[in-house]
Amino acid sequence: MEKTAVKNRKKPLSPVVILIYVILLLLAVIYIAPLLWMLMVSVKDNAGVMAEPFGLPDMIHWNNYVEAWTLGRLGAALLNSVLVCGVTLLVSLFFGAMAAFAIGRMRWKLAEATHTFFLIGMMVPVHCILIPLFVRFAGLGLTNSRFGLMLPYITFSLPMTIFLLTGFFKSMPGELFEAAAIDGCGIYRCFFRIALPLCRTGLFVSGLMTFVGNWNELLLAMVFISDPAKKTLPVTLTYFVGPYATNYVQMFAAIIIAIAPTIVVYCMFSNQIVEGLTTGAVKG
Amino acid sequence: MDKILRDKKAICIFIAPALIMFVVILVIPIGQMIYYSLCDYAALTPPEFVGLANYKKLFFKDSTFRIALKNSIFFMIFSAVSQQVIGLLLAVLLTNIPKGRNVFKNIYYLPSVLSSAALGLLWAFMFNPKIGINQLLAKFGIEGPLWLMDTKGFIILPMWVIAFVALWQYVGQNMMLYMAQITGISKEIYEASYIDGASKPKAFRYITLPLIKPMMVTSLSLNCIGSLKFFDLIYNMTQGGPNHRTEVLATELYAEGFNYFKYGYASAISVVLLVMCLIVTLLVKHVIKVETYES
């Protein structure tokens, strides 16, 4: 009796809404199934994959992960990726925040022009600077070095960071800075003690996006680094590409290892990533 | 207060690191690239000025470049249309369901943050003519096409496959941008229109669509530039093959520059790519006229 009462109070789902749910669910399956399938294949053996790629594994071969790890030098690659992306993240956030503070908060004639100048950087594909930069860096001994890879990564992370953070700085109440100035706070202290701590969300969001972008970057890393000990994760994966690469199970194990960190980070912070991406874009 | 915010020295210090990096790593190399594109320059010899010879060769003699250009343009148009339409559709559907909005949103957005190098390997396996999807089709007695090895038609099948994989991976981004814009529209506008007798499709046509136009500019230009510089998926799925038929500008540039070390020639391709990006951005800005509404 009570149950029906509750049911009646709820608005019944219209057929259209049910149809929408069916479509959305089907789509969700298309999105999730390949990833789960990959997880399943990664614990099969090669013969099993060729015979029954869509069947369940009859034995779980954890060994694939061990072999992929050693064969693909994934340990070193993971370390390189963390190092390169980590340093890039910190430096680009710091430089980006400084520039964004000057553009968004300080008063000078060229602020808008500088902002536009940095935004145009978002339109330039990284491919365009590949050859001149490679030639220059080869002359300076910066190819095949992790530091050499960080420089273009930082530069190409700056436009997005500046774009997002300028919005955050602009939206801060001006009274805060005025009060600080009256108390004798200099501009540098204003930046470090007030502006930076207050835009933690902005820093976090642009940091995440920078990190994910650079973590997945393939082209620059492929061109700049040829020493296997210095390769980053996406480049290491190309080891498994090509007509003669038939070691599928290890390839899938390597892929899982490569994308697992991103999935974990995404699951932890998906709402912030989404929010940051959209607030930045909407404001612009 | 005003004085410290006008402090010229501080402004210089704040802006300098980013500006220097930008000029050294981005602006100067672009200038150099334009110069190299006018030179005969192989890796070991110094660049030698030859005028427009590289461009003449590109547009009149190089059949691979023509394929790459065709594929890139196809890829851009297909991605722009399909991702915009489906992204917007998903955004509208998701903003209209009572429950589970966040779950679906997060699922659809997930592939966008994953490495396309890794996902390319996955799909290359799936679309292998002998294994993957074709094995599944064979169970139902269907003989699947050659997928990534097929070479028939004006736009060959592998390009369609890659375009669909890109759609799968990146449509979430457009959906997300549109969702943000749609949820920002005030509910009162809709309520008022329903009271005046507007149906849902009409509300979409006359309220939602005009109000999300600014986002369309952002989303469409990001979309077009993104698909023009597309590299990872193609490199890991076909490596430009079979017989250079799936080459796009980015892979062609990589091959000319770093497999054959024709730096001058590859620079000319980068100039074409850069010019295309600029043209597309300007076109999008001018074609979609943004009217401002009070919201």
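Note that the structure is a prediction, hence the values are computed from the model and not measured.

On to the overall build of chain A, then. Across its full length, chain A holds 14 helices and 0 strands. For chain A, the succession of helices and strands along the chain, N to C, is α-α-α-α-α-α-α-α-α-α-α-α-α-α. Counting across all 284 residues of chain A, residues that qualify as buried make up 43%. Intrachain contacts of chain A at a sequence separation of at least 6 include 78% that bridge at least 24 residues.

Once that is clear, we can look at the overall build of chain B. Across its full length, chain B carries 14 helices and 2 strands. Structurally, chain B occupies a C-alpha span of about 80 × 75 × 30 Å along its principal axes. The buried share of chain B, taken over its 295 residues, is 44%. By sequence separation, contacts in chain B at least 24 residues apart represent 70% of the contacts at least 6 residues apart.

Grouped together as the largest cluster of nonpolar side chains are 169 residues, with contacts concentrated most on A:Ala99, A:Ala254, A:Ile255, B:Ala118, B:Leu228, B:Leu249 and B:Leu273. Each of domain 1 (13–63) and domain 2 (73–240) of chain A accounts for three or more of the residues forming this core. Setting aside chain neighbours within four positions, we find A:Ile255 in contact with A:Met38, A:Leu237, B:Ala118, B:Leu121 and B:Leu122.

Further remarks concern the confidence of the model for chain A. Residues and elements named next belong to chain A. Confidence in the prediction for chain A averages 83 pLDDT; 89% of positions are at 70 or higher. Here helix α1 (residues 2–9) stands out as the element of chain A with the lowest mean pLDDT, 47, in contrast to helix α5 (residues 74–104), whose mean of 92 is the highest. Taken as a whole, residues 1–8 scores under 50 in pLDDT and shows 0 contacts with residues more than four places along the chain or in a different chain.

On to the domain arrangement of chain A, then. The domain architecture assigned to chain A consists of domain 1 (13–63) and domain 2 (73–240). Spacing between the C-alpha centres of domain 1 of chain A and domain 2 of chain A amounts to 37 Å.

Moving on, we get to the interface of chain A and chain B. On the chain B side, the residues contacting the 72 residues of chain A number 69 residues. At 13 residues, the largest contribution of residues to the side of chain A that touches chain B is made by helix α14 (residues 248–283) of chain A. For the side of chain A that touches chain B, the per-class residue count stands at 57 nonpolar, 12 polar and 3 charged.

Right, let's talk about the environment of B:Gln84 for a bit. Residue and element names in this part refer to chain B. For glutamine 84, the position within the fold is in helix α4 (residues 63–96). According to the C-beta neighbour criterion, glutamine 84 is partly exposed, with 18 such atoms within 10 Å. When the C-alpha positions of glutamine 84 and glutamine 135 are compared, they lie 33 Å apart, and in sequence the two are 51 residues distant. Setting aside chain neighbours within four positions, we find glutamine 84 in contact with Asn174, Ser219, Leu220 and Asn223.

All names here are of chain B. Along the chain, the position of isoleucine 133 falls in helix α7 (residues 133–139). Counting along the chain gives 48 residues from isoleucine 133 to glutamine 181, while the straight-line C-alpha distance between them is 38 Å. Beyond its immediate sequence surroundings of up to four residues, isoleucine 133 is in contact with Met126, Phe127 and Gly144.

Residues and elements named next belong to chain B. Relative orientation of the contacting elements helix α2 (residues 8–37) and helix α14 (residues 263–287) amounts to 120°, with a least axis distance of 7 Å. On the basis of their axis angle, the class for α2 and α14 is oblique. Both α2 and α14 take part in a crossing whose hand is left-handed. Across from Met33, Ile34, Tyr36 and Ser37 in α2, the residues of α14 making contact are Tyr263, Gly264, Ser267, Ala268, Ser270 and Val271.

Another aspect to go through is helix α13 (residues 249–259) of chain B. Judged by how many residues are buried, α13(B) sits mostly within the fold: 9 of 11 residues are covered. Of the surrounding secondary structure, the elements contacted by the buried residues of α13(B) are α7 (130–140) and α12 (219–224) of chain A together with α4, α11 (213–228), α12 (232–237) and α14 of chain B. Looking one or two residues past α13(B), B:Phe261 carries a phi angle of roughly 55°, positive in sign.

Residues and elements named next belong to chain A. Between helix α8 (residues 146–170) and helix α11 (residues 200–216), whose axes approach to 10 Å, the crossing angle comes to 155°. Regarding the angle of α8 to α11, the classification is roughly antiparallel. Here α8 runs over α11; the crossing is right-handed. For the pair α8 and α11, contact is made by Tyr153, Ser157, Met160, Thr161, Leu164, Leu165 and Phe168 and by Gly202, Val205, Ser206, Met209, Thr210 and Asn214, respectively. When its residues are assigned to classes, the contact of α8 with α11 shows 7 nonpolar, 6 polar and no charged.

Turning our attention to the confidence of the model for chain B. All names here are of chain B. Overall, the predicted model of chain B reaches an average pLDDT of 87, with 98% of residues at or above 70. Looking at the elements of chain B, mean pLDDT is at its lowest for helix α1 (residues 2–5), recorded as 74, and at its highest for α4, recorded as 92. Predicted complex metrics record ipTM = 0.85 and pTM = 0.86.

Below, the discussion takes up unusual backbone geometry. Residues and elements named next belong to chain B. Even without a glycine there, the phi angle at asparagine 243 is positive, about 55°. Within the element layout of this structure, asparagine 243 appears in the loop between α12 and α13. Although it is not a glycine, histidine 244 adopts a positive phi angle of roughly 60°. Residue position: histidine 244 is located in the loop between α12 and α13.

Moving on to the environment of B:Cys224. All names here are of chain B. Relative to the elements of secondary structure, cysteine 224 occurs in helix α11. Given 23 C-beta atoms within 10 Å, cysteine 224 falls into the buried group. C-alpha of cysteine 224 to C-alpha of cysteine 277: the two residues are 53 residues apart in sequence and 7.7 Å apart in space. Beyond its immediate chain neighbours, meaning those up to four positions away, cysteine 224 contacts Met76, Ala80, Val280 and Val284.

Conventions and cut-offs
- Residues numbered from 1 in each chain as written.
- Chains lettered and ligands numbered in written order.
- Predicted model: local features only at pLDDT ≥ 70, side-chain atom pairs only at ≥ 80, totals over all residues.
- Helix = DSSP H or I, 4+ residues; strand = E, 2+ residues; numbered from the N terminus.
- Buried ≥ 20, exposed ≤ 12 C-beta atoms within 10 Å, placed from the backbone.
- Contact = placed C-beta atoms within 7 Å.
- Core = buried A, V, L, I, M, F, W, Y, C linked by C-beta atoms within 7 Å.
- Domains from an automatic or database assignment.
- pLDDT = per-residue confidence, 0-100.
- Nonpolar A, V, L, I, M, F, W, Y, C, P; charged D, E, K, R; others polar.
- Axes fitted to C-alpha atoms, helices over the stretch in contact; angles between N-to-C directions.
- Parallel < 35°, antiparallel > 145°, perpendicular 65-115°, else oblique.
- Left-handed = near helix turned anticlockwise from the far one by under 90°.

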